[in-house]
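One letter stands for each residue in the lines below.
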Amino acid sequence: MRKTAALAVAFLGLVAPALAQDDTENTALIGELMAFHGSQAIVNVMTTHCYETTGLDGSYKLAAENWYLRNIGFLDLADRVITRLGGGAEGQQKAAETYGGTQIMTAYNQAGDKGSFCRAFLEQVETGALDIDRQLPAALKRAQEISAS
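Now for a description of the structure that goes with this document. (Residues numbered from 1 in each chain as written. Predicted model: local features only at pLDDT ≥ 70, side-chain atom pairs only at ≥ 80, totals over all residues. Heavy atoms only, no water.)

### With respect to the pattern of salt bridges
Logical step 1: Considering all chains together, one arrives at four salt bridges under this definition.
Logical step 2: The shortest N-O distance in the salt bridge between Asp131 and Arg70 comes to 2.7 Å. Within this pair, whereas Asp131 is found in the loop between α5 (114–127) and α6 (132–135), its partner Arg70 is found in helix α3 (residues 58–84), the two being separated by 61 residues in sequence.
Logical step 3: For Asp131, a relative accessible area of 7% corresponds to the buried category. (Salt bridge = Lys/Arg side-chain N within 4 Å of Asp/Glu carboxyl O. Helix = DSSP H or I, 4+ residues; strand = E, 2+ residues; numbered from the N terminus. Buried < 20%, exposed > 50% of the residue type's maximum accessible area, 1.4 Å probe, protein only.)

Set out below in structure tokens:
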């Protein structure tokens, strides 16, 4: 189920250009930082869906909570830097979240074995493979540099 990680990476790599409004560096970075929220949506949507379809297996809820605790600082940093850079376009964050949720549900719906898909996704969340610092390290580094300046 490495396909799930590939999907997440592909999403995170595509959402920034798709959301960017022009060619300026700040606008591109804002788009990349919005992808942080798309990553959160991927984790929330799939862990919730798998939790519900596996008979309320609490490991999915726990994995989502732990992901959030590991990534809340990155999400907060993204929001602060987006504001500092002039803010995103209206609806941009919602678009990133919707796109992330839609893409992961599409991958789930195409999976032949839904149970295996959920277990593989859970493993990726638990191991940190879907954490923002591992998915978008360049954007995170730029956000940290801007925040520190």
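That shown, we press on.
### Looking at helix α2 (residues 25–53)
Logical step 1: Taking 1.5 Å per residue as the helical rise, α2 with its 29 residues ought to reach 42 Å, and the 42 Å between its terminal C-alpha atoms agrees with that figure.
Logical step 2: Just past α2, the residue Gly55 takes up positive phi, approximately 80°. (Expected span 1.5 Å × (residues − 1).)

### Some remarks on the nonpolar core
Logical step 1: Judged by nonpolar contacts, the single largest core of 39 residues is most densely connected at Leu33 and Phe36.
Logical step 2: Excluding residues that lie within four positions of it along the chain, Leu33 makes contacts with Ala78, Val81, Ile82, Ala139 and Ala143. (Core = buried A, V, L, I, M, F, W, Y, C linked by side-chain atoms within 4.5 Å. Contact = heavy atoms within 4.5 Å.)

By themselves, these observations are geometric and do not establish any function.
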